[in-house]
Amino acid sequence: MNLSNDCRDCKTLIVDDDPVTLLLLERFLMHRGHEVSKFSTAEQGLATFRTRQHSLVITDYMLDGMDGIEFTRRIRELPGGDLTVIVVITALDEVEDLQRVLDAGADDYLLKPIEKKMIQIRMIIAENLVRNKVKRKQALEEIRRSRQEYKRLFDESPLAMMIHDGERFLFLNASARELLGIPVDSGEQQPLLIDFIHPSCVPDVKKRIDFMRQTRQAVELHEEKMIRQDGQVIDVLAKGMLVRFGDKEAIQSFAIDITEKKKNEEMLHILSSSLEQSSVSVMITDVHGRIEYVNQKFMQVTDYSLDELKGQDPRLIQSGLHDPAMYENLWQTVKTGSQWQGEICHKTKQGELVWEYVSISPIYSSNGEIIRFFMAAENITELKSNRDALRDSEERFALASIGSHDGLWDWKIHEDEVFLSPRWKQTLGFDENEIKNHMDEWYQRVHPDDIALFKGDLQDHLRGFSPHFENECRVLHKDGNYRWILSRAVAMFDNSGSAYRIAGSITDITSRKKAEEKIIHDAFYDTLTNLPNLKLFMDRLTSVIARARRHDNYFVAVLFVDIDRLKVINDSLGHRIGDLVIKEIGSRLMDCVRSGDTVARISGDSFVALLDDLSDFSDGIYIVKRMQKKVNQPVYVEGHEIVVTVSIGISVNSVKNETADDLIRFANIAMSKVKAQGRNNFRRYQQEMSREVLERLDLENRLYHAIKNEELSIHYQPQVDIQKGTLVGFEALLRWHNADLGSISPGQFIPIAEDTGLIVPIGEWVLREVCRQIDEWRRVFHVGLMVAVNFSARQFQQENLLEMIQSSMDQYQIDTSLLDMEITESIVMDNIDSAISKINSIKELGIKISIDDFGTGYSSLNYLKQLPLDKLKIDQSFVCGVPRDPDNMAITNAIIGLARSLGLDLIAEGVETVEQLMYLKENGCYKIQGYLFSKPLSVPDVNELIRAGEFPMNIYKKIFPTT
């Protein structure tokens, strides 16, 4: 099937029971060069397709007898049906409805009301679909060639690449063999994977293999240890994914050797932590003795900050108690390359004296030159003043007071004799004879991650660096679980300052630690989704923004993700089901971001995401599209299949100094734009959006006061009968004039009134004002003039609508036949059964009912004929195109014919030219409204018109001078 760009050979079948739609599509497609067959029933369409295959089929979703979904399935079952492009016309814009259309086999859909531009777009898509089927075979051949090229690149890649089945290597490239130390000529039998995995990493490797096989997802970069064939342990950065190898499924892994990098990082971390966490005061000076660095302990002891000390001479903390000769000897010793040690009294910022045992050593460069001096000092103030009295007092305290509660322990260090009380052993679940009295019984039960700190704290106290021993760590209980244990103790020192004995207690603080962890967790995480909450998100975002300001080309994106129509789910299925949907959406969003990114829930249906360190904006767009694709997959909850969509706003940091609040607010504004434009999409924040929001907010605030300030008024546009030359009534049109802003277009403030609900009190004011005006014309001019009043969807949904209408008419005692309620097609079609019932009740009051803007929305002729209507109004969008636009002429004629067949009155609005008037008159539409006769008039102008008594004949005679 070869389609040219102008569709000259495209055989197209249209099935639709709406004559307006058939006519519009036929004209448009014939202009495109299609050979068109059109039918009103699905049976006729199927019969034609059986005898003559068509390249393109267009069918309505709502057909009598057989709907568009069943018709689509039937087409697909016929010979050649799989090569046909099928487009379904529908007014149902919910995601689940559109999904059913596509699941039935349709290639695309076209939403009503039908627009030329959208038809053109969908036709191009359909034609491309047909062409793509021809190209599919060529694409498969290209894939085969690509696979061969991929294998060559795999073999020659400098990156270590391995393919295995979870147990044995299937293929190793040259880089992988070099990494693992496997010779190229090692034999045909490939080695076992387990032989090259470090035992500590085997469980995690198995978990990752199971994860890939169960979820079909790749494993992101992670660190693990491997063993080379020569026994050397190496650290690697690895990643894995499922692939096809030959005729079976396998796992492809990539690895980079990071052994040296890990060693360097660990050494730097140890050195840095040692200085900052040390209980010893540390100071580093340059060769001239100027201070360059002090650690936290030094600042704590002296009460000086680093900024106050940096660049200063150490004389700043001299106490004045020492002979200057002592300092001279000190500096001469270290300048000649030797170490100096001794006790020195320093003075704090507040003037307090601190005794320290000081050690000063030179620091050498790589070429052997002294470049700095390093000082370490231990605080011995308490030890020096209480050394003689400390033995008796602290021994009594340690052995009596401290050991009076919980599990007791006592260690005679020189003899290595340990006493562990029965209560000590019971704390860990053991009987008295199940544990030996030895420190190893304690050490070997401390959690591996805590043992270093435990021993470090103990040794610090035994060396006199801390006044007492206190440590919290995890200790293995007899039941196999770890318990949090608080250990306290005090050591006894001899005259030389050596610890010879230490005694203390242990306390089980597991409950307290869990409570603390829960408090911390609850403070920073959402209880429903277990995701970070707004507080934690703001903390992380603030830190990231600060980091971005210190670096060029550091991009950060904030996504504001709002679940569309969650209220519908809560109202229809209940809040419990809604909460389960929220949890699932939160989990899916987390699956879409990178390991360093953050997803948080900040309100009922709103999430935010932080995308850190983006290379460019396209990276963020990729993640957003992945989110939409993931979220749009159906959610299955307790037997319910729920299709969920999200609206996403994006903000990105710029050269300006935005705060965390700014980025979240900008993303929220962009998300609101998406909501306003139909949901299920994403937009990036632009600066003009804030301006629009502020302008709209200002307009909204002014509109709240418009009625009270008497800024609203009603203008009346005449409606005339050109056949009889008579005035038949008016349409009431709302106007707003603000003292500051001047006249404001209804196109600006009516949508705001709809969104905020202000349309309800404004609409009630309009109806009462119209009734009052009708009554005034009756009393003053003795005429009964019919007035058409527009009712919005929000007004039509009011529960007290009938009472409000009845009250307005009763207040002014007007003839109900003088009131014409104008409603749109969409109001009726939103809830057809309810609309029919409510319109019947309004009709019983004697009020006329008109369908406004007919033809611009989607309506069913089957339901239209059930409504007690009086009039159809031809929308000005159709009138403005006659008599030059054939499509508008066709639609206008169809509406005129429809009104005539249903016995309805008819009026055309927006008539501005004599040509339009003549065309309408010649085709049977005699009631007209538009600027050709009159613009909307103020009440004084209407009164003058009524007094003159010549309208519309004075204008009518100018248009038809011979009449």
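Every chain begins its residue count from 1, and numbering advances along the sequence as written. Given that the model is predicted, a residue must reach a pLDDT of at least 70 before its local features are reported, and side-chain atom pairs must reach 80 or more before they are shown or counted; all residues, however, enter totals for whole chains, interfaces and linings. Each side-chain value is derived from all of the structure's non-hydrogen atoms; neither hydrogens nor water enter the calculation.

1. As for the pairing of strand β5 (residues 108-111)
Burial along β5 is one-sided: the face carrying Asp 108 and Leu 110 is buried and the face carrying Tyr 109 and Leu 111 is not. With the strands aimed away from the viewer, a crossover counts as right-handed if its path from the first strand over the helix to the second runs clockwise. Helix numbers and strand numbers start at the N terminus; a helix is a DSSP run of H or I with at least 4 residues, a strand a run of E with at least 2. In this fold, strand β4 (residues 85-90) hands off to helix α4 (residues 95-103), which returns the chain to β5; that crossover is right-handed. Relative accessibility under 20% of the residue-type maximum defines a buried residue, over 50% an exposed one, and the middle range a partly exposed one, all with a 1.4 Å probe and only protein chains included.

2. Let's talk about the packing of aromatic side chains
Pairing of aromatic side chains requires ring centres within 6.5 Å, counting the rings of Phe and Tyr and the six-membered ring of Trp. Pairs whose planes differ by under 30 degrees are stacked, by over 60 edge-to-face, and all others tilted. One pass over the full model with this rule turns up 13 aromatic pairs. Judged by centre distance (5.3 Å) and plane angle (70°), the rings of Tyr 716 and Trp 777 are edge-to-face. One end of the pair, Tyr 716, is in strand β28 (residues 712-721); the other, Trp 777, is in helix α24 (residues 759-781), and 61 residues separate them in sequence. Here Tyr 716 matches Trp 777 in class, with each residue buried. Feature note: the residues Trp 409, Trp 424, Trp 442, Tyr 443, Phe 454 and Phe 469 constitute an aromatic cluster, connected by ring pairs. Geometry around Tyr 443 places Lys 455 over its ring, the cationic atom sitting 4.7 Å from the centre. Two conditions define a charge sitting above a ring: the NZ of Lys or the CZ of Arg must be within 6 Å of the ring centre, and it must be within 35 degrees of the ring normal. We note Lys 838 situated over the ring of Phe 796; from NZ or CZ to the ring centre the distance is 5.4 Å.

3. Some details on the sheet that holds strand β27 (residues 682-684)
Note on pairing: two strands pair once DSSP finds at least 2 bridges between them. Taken in spatial order, the five strands make up an open sheet running β22-β23-β21-β26-β27, and their pairing is mixed. Two strands bound the open sheet, and with one partner strand each, they are β22 (598-601) and β27. Adjacent strand axes in the sheet meet at a mean angle of 20°, parallel and antiparallel pairs treated alike. Only heavy atoms enter the contact rule, under which two residues are in contact if any of them lie within 4.5 Å. Under this scheme, a helix contributes an axis fitted over its contacting stretch, all axes are lines through C-alpha atoms, and angles between N-to-C directions fall in the 0 to 180 degree range. Lying on the sheet, helix α19 (residues 575-592) is in contact with β21 (555-563), β22 and β23 (606-614); it crosses β23 at an angle near 5°.

4. A short note on the sheet that holds strand β11 (residues 281-286)
Across the sheet, which stays open at both edges, the five strands sit in the order β12-β11-β15-β14-β13 with antiparallel pairing between neighbours. What marks the edges here is a single partner per strand, and that holds for β12 (291-294) and β13 (340-347). Going from strand to strand, the sheet's axes swing by 30° on average, the running direction of each strand aside. Here β11 pairs with strand β15 (residues 370-379) via six bridges, running antiparallel. When the sheet's bridge partners are listed, Met 283 is paired in β15 with Met 375.

5. Thoughts on the confidence of the model for the chain
If pLDDT is low for a region, its predicted coordinates should not be looked at in detail. Scored from 0 to 100, pLDDT reflects the predictor's confidence in each residue. Of the residues in the chain, 90% reach a pLDDT of 70 or more, and the chain-wide mean stands at 85. In this model residues 1-6 is a low-confidence stretch, pLDDT under 50, and it forms 18 contacts with partners more than four residues away in sequence or in other chains. With pLDDT under 50 throughout, residues 396-404 is counted as low confidence; its partners more than four residues away or in other chains account for 17 contacts.

6. Quick notes on unusual backbone geometry
For residues other than glycine, phi is negative in most cases, and the peptide bonds are mostly trans. Residues Val 882 and Pro 883 are joined by a peptide bond in cis, for which omega reads 0°. Looking at the element boundaries, Pro 883 is found in the loop between α30 (876-879) and α31 (886-902). One non-glycine residue with positive phi stands out, namely Arg 565, at about 55°. Following the sequence through the fold, Arg 565 ends up in the loop between β21 and α18 (566-573).

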